[in-house]
Amino acid sequence: MRNFRLPRRRFLALSAAGLGGSLLSGCDRLSEAPDFQEFLASAEGLTYRAQRLLGGGHALAREFTAGDVSPIFKVNGTAMPEGEDYAALLEGNFGDWRLRVDGLVAKPLEFSLTDLRNLPQRTQITRHDCVEGWSAIGKWQGVPLAVVLARAAILPAARFVVFHCADVLEQTLDGTGQYYESIDLIDAFHPQTILAHSLNDAPLTVGHGAPLRLRVERQLGYKQAKYVMRVELADRLDGFGRGKGGFWEDRGYEWYAGI
Amino acid sequence: MSEIQSAISSTPLPRPRRLFIHRHTRITRLTHWINLLCVTVLLMSGLQIFNAHPALYWGQSGANTDRALFEIGADDSSDGPPAGFARFGSSTFNTTGILGVSRDTEDDLVLRGFPGWATLPSWRDLAIGRRWHFFFAWVFFANLLVYLLAGIATRHFWRDLLPRREQLRLGALLHDVADHLRLKFPRGEAARHYNPLQKLTYLGVVFVLLPVMILTGLTMSPGMDAILPWLVDLFGGRQSARTIHFVAASLIVLFVFVHVTMVLLVGPVNALRAMITGRFAIYVEDDHA
């Protein structure tokens with residue numbers, strides 16, 4: 001019996017190593033298989049439904065105090081949108097900038113920055129969580145999206161709010177490198193979802209999305225679209241970009257970024 | 001040992017009789033292997049996610065300009081090849097080849113936190129790493145739930161894992177530690193049951209480490225933080241929870257390392273057979289047979 005022990009042990013070790021190695025290369029191959037990736041992505045629907053079921057429709061994100069604000073709020077993604085149009089708007093201190101609200105609405109509208117500042121305001125000190133893993137706390141001020149949507153009177157067919165941005169994050173031939181984002185109506189009408197024009201009591205800098213960015217506080221940083229130019233109400237998302245509802249969603253990230 | 005016994009007794013040695021006992025229930029065996037798959041995928045995809053921002057902080061927030069408790073990075077300020085480093089507080093270690101700077105499949109030096117052989121996928125892709133992680137997080141959670149419910153229903157935890165009062169006395173524990181250090185393991189009838197260190201370790205993994213992984217994982221979800229704000233407070237903030245998630249994962253790796261070592265020392269064939277078929281062989285001295 002003892003004589004058989006060593007070869008058997010070595011056999012086990014070798015098979016374990018072989019199995020481990022082939023599992024690893026197998027996992028890499030599965031990472032490149034679109035069908036399997038779709039299968040893995042099915043967990044997103046489960047996460048979304050579970051969070052909504054647990055009260056995620058109305059729950060508020062934690063709000064902090066002035067003492068918690070991060071000394072430096074990291075600029076991520078686009079730091080300066082390219083192109084003459086944005087440069088001209090910046091040059092004029094966004095006096096000529098207008099936010100267009102259209103799509104499935106009864107009254108398409110345009111708002112200047114002054115218009116938005118004259119609407120009811122909300123200020124919130126919240127934590128921004130980047131998909132990379134870091135967090136920063138900042139004080140945001142802006143108009144609740146619900147206020148803007150109420151003025152434009154959204155149509156019953158509307159299911160999503162799409163945010164069109166001024167920045168191109170990736171140069172592509174078909175124009176799908178333009179930044180955009182989308183959220184459902186639960187998040188659109190959530191009281192902490194605002195179109196923010198100020199960070200830490202100052203107008204947004206270019207790096208943080210001047211003149212206007214979205215804050216949808218219960219989701220990750222890439223949902224907080226910067227340089228918002230147009231808010232479009234839609235009944236489906238497959239007509240925008242590459243069809244997944246956002247710049248990063250088109251590149252494999254979750255549309256529901258509450259996780 | 002047989003020489004000593006021969007010296008004591010001149011009568012023919014009683015050969016230890018091999019006896020198969022039923023060690024693991026079907027649920028335990030099934031959930032064990034599913035758990036192995038989940039923990040492997042979660043660990044490797046977790047390192048992929050960690051690589052997107054290879055630094056850990058304490059508190060609610062933390063980013064590049066904040067002081068990190070632990071950090072992996074690369075220094076390419078010199079003229080030579082870049083050097084990888086790991087920094088704990090103020091202590092910095094050169095980790096070139098493994099952490100910070102490692103070689104990819106084409107043998108080129110790349111700057112990345114954990115090396116390609118430790119991450120899923122092996123190349124840098126946060127989006128795919130997250131997909132693996134969140135899918136298997138659900139499987140891991142469901143599997144743990146099945147194991148816990150079955151363990152309660154069959155009284156497995158009370159019968160097999162809860163140490164008896166006398167096993168918890170300091171003397172008994174120290175004795176067990178000494179036995180482990182001398183690689184002296186229970187034989188015969190004593191091998192029917194787990195020893196106290198084994199029981200405490202399994203209880204710690206099942207009821208502390210694995211639940212902490214799930215809870216700190218949930219705390220990193222901004223959606224869950226709105227639903228369960230007390231959970232964020234429990235761990236002292238989202239960045240603290242992220243750090244605890246990493247530390248608990250490291251402890252699971254340590255557990256797996258010790259666990260596999262013990263299996264190899266005690267008898268891999270018997271242990272694997274027990275975890276696959278349920279049958280575990282013990283050798284009893286049948287002196288009054």
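Treat the numbers as computed from the prediction; the structure is a model and nothing was measured.

1. Focus: the overall build of chain B
A tally of regular secondary structure across chain B gives ten helices and eight strands. For 289 residues, the compact-globule formula gives about 19 Å, and the C-alpha radius of gyration of chain B, at 24 Å, lies well above that figure. Overall size of chain B, expressed as C-alpha extent along the three principal axes, is 75 × 50 × 35 Å. Scored against the burial criterion, the 289 residues of chain B give a buried share of 30%.

2. Concerning the sheet that holds strand 5 (residues 160–168) of chain A
Either a parallel or an antiparallel arrangement is found when strands of a sheet pair, and the pairing is made through backbone hydrogen bonds. Residue and element names in this part refer to chain A. Read from one edge to the other, the open sheet built from five strands follows the order 2-1-10-5-6, with strand pairing classed as mixed. In this open sheet, the two edge strands, each paired with only one partner strand, are strand 2 (109–111) and strand 6 (178–184). The average angle at which neighbouring strand axes cross in this sheet is 20°, direction not considered.

3. Some remarks on the nonpolar core
Among the nonpolar cores identified, the biggest contains 83 residues, and Phe163(A), Cys165(A), Leu195(A) and Val228(A) are the most heavily contacted of them. Those residues in contact with Cys165(A) that sit more than four places away from it in its chain are Gln178(A), Tyr179(A), Tyr180(A), Ala225(A), Lys226(A), Tyr227(A), Val228(A) and Met229(A). In this structure, Ala61(A), Met224(B), Ala226(B) and Ile227(B) belong to the second largest nonpolar core, which totals five residues.

4. A short note on the sheet that holds strand 4 (residues 83–88) of chain B
Residues and elements named next belong to chain B. Pairing is antiparallel in the open sheet, where four strands are placed in the order 2-3-4-5. Each end of this open sheet is capped by a strand with a single partner; those strands are strand 2 (55–56) and strand 5 (91–94). Both strand 4 and strand 5 contribute to a ladder of four bridges, which runs antiparallel. Paired with Arg87 across the bridge in strand 5 is Thr92.

5. Looking at helix 3 (residues 126–153) of chain B
For helix 3 of chain B, which comprises 28 residues, the first-to-last C-alpha distance of 40 Å matches the rise-based estimate of 40 Å (1.5 Å per residue) to within 8%. Positive backbone phi, at 60°, marks Arg155(B), one or two positions downstream of helix 3 of chain B.

6. Notes on the interface of chain B and chain A
Contacts between the two partners involve 34 residues from chain B and, on the opposite side, 41 residues from chain A. Only helix 3, helix 7 (222–227), helix 8 (229–234), helix 9 (238–266) and helix 10 (268–277) of chain B provide two or more residues apiece to the side of chain B that touches chain A. Looking at the side of chain B that touches chain A, its residues break down into 20 nonpolar, ten polar and four charged.

7. Let's talk about the confidence of the model for chain B
Residue and element names in this part refer to chain B. Averaged over every residue, the pLDDT of chain B is 92; residues scoring 70 or more account for 94%. No element of chain B has a lower mean pLDDT than helix 1 (residues 2–8), at 48, and none a higher one than helix 3, at 98. The model gives residues 1–7 a pLDDT under 50, and that stretch makes two contacts with residues more than four places away or in other chains. Model confidence for the complex: the whole-complex pTM is 0.91, and ipTM, which rates the interface, is 0.91.

8. A word on the environment of Gly21(A)
Residue and element names in this part refer to chain A. Mapped onto the secondary structure, Gly21 falls in helix 1 (residues 5–32). By the C-beta count within 10 Å, which is 11 here, Gly21 ends up exposed. Each C-alpha atom, one on Gly21 and one on Leu145, is 51 Å from the other, the two residues being 124 residues apart in sequence.

9. A few points about the packing of helix 6 (residues 196–219) of chain B against helix 9 of chain B
All names here are of chain B. In contact at an axis separation of 9 Å, helix 6 and helix 9 are set at 145° when each is read in the N-to-C sense. As for the relative orientation of helix 6 and helix 9, their crossing is left-handed in sense. Every residue of helix 9 that contacts helix 6 at Thr201, Val205, Leu209, Val212, Met213, Thr216, Gly217 and Thr219 is listed here: Arg238, Ala241, Ile244, His245, Ala248, Ala249, Leu251, Ile252 and Phe255. Taken together, the residues of the contact of helix 6 with helix 9 sort by class into eleven nonpolar, five polar and one charged.

10. Points about the packing of helix 3 (residues 43–56) of chain A against helix 3 of chain B
Direction vectors running N to C along helix 3 of chain A and helix 3 of chain B enclose 65°, while the axes themselves pass 9 Å from each other. Two packed elements cross with a definite hand, and for helix 3 of chain A against helix 3 of chain B that hand is left-handed. Counting all contacts with helix 3 of chain A, which are made through Ala43(A), Leu46(A) and Thr47(A), the residues of helix 3 of chain B involved are Phe134(B), Phe135(B) and Trp138(B). Here the residues of the contact of helix 3 of chain A with helix 3 of chain B sort into five nonpolar, one polar and no charged.

11. Remarks on unusual backbone geometry
Cis geometry marks the peptide bond from Ala210(A) to Pro211(A), where omega comes out at 5°. Relative to the helices and strands, Pro211(A) is located in the loop between strand 8 (202–203) and strand 9 (213–215). With an omega dihedral of -10°, the bond running from Leu120(B) to Pro121(B) counts as a cis peptide bond. With respect to the helices and strands, Pro121(B) occurs in the loop between strand 7 (109–112) and helix 3. We note that Phe94(A) has phi near 65°; this positive angle belongs to a residue other than glycine. Its place among the elements puts Phe94(A) in the loop between helix 4 (84–91) and strand 1 (99–103). If you check the backbone angles, Asn200(A) has positive phi at about 50° while not being a glycine. Structurally, the position occupied by Asn200(A) is in the loop between strand 7 (194–199) and strand 8.

Calculation rules
- Residues numbered from 1 in each chain as written.
- Chains lettered and ligands numbered in written order.
- Predicted model: local features only at pLDDT ≥ 70, side-chain atom pairs only at ≥ 80, totals over all residues.
- Helix = DSSP H or I, 4+ residues; strand = E, 2+ residues; numbered from the N terminus.
- Rg over C-alpha atoms; globule rule 2.2 N^0.38 Å.
- Buried ≥ 20, exposed ≤ 12 C-beta atoms within 10 Å, placed from the backbone.
- Pairing = 2+ DSSP bridges.
- Axes fitted to C-alpha atoms, helices over the stretch in contact; angles between N-to-C directions.
- Core = buried A, V, L, I, M, F, W, Y, C linked by C-beta atoms within 7 Å.
- Contact = placed C-beta atoms within 7 Å.
- Expected span 1.5 Å × (residues − 1).
- Nonpolar A, V, L, I, M, F, W, Y, C, P; charged D, E, K, R; others polar.
- pLDDT = per-residue confidence, 0-100.
- Left-handed = near helix turned anticlockwise from the far one by under 90°.

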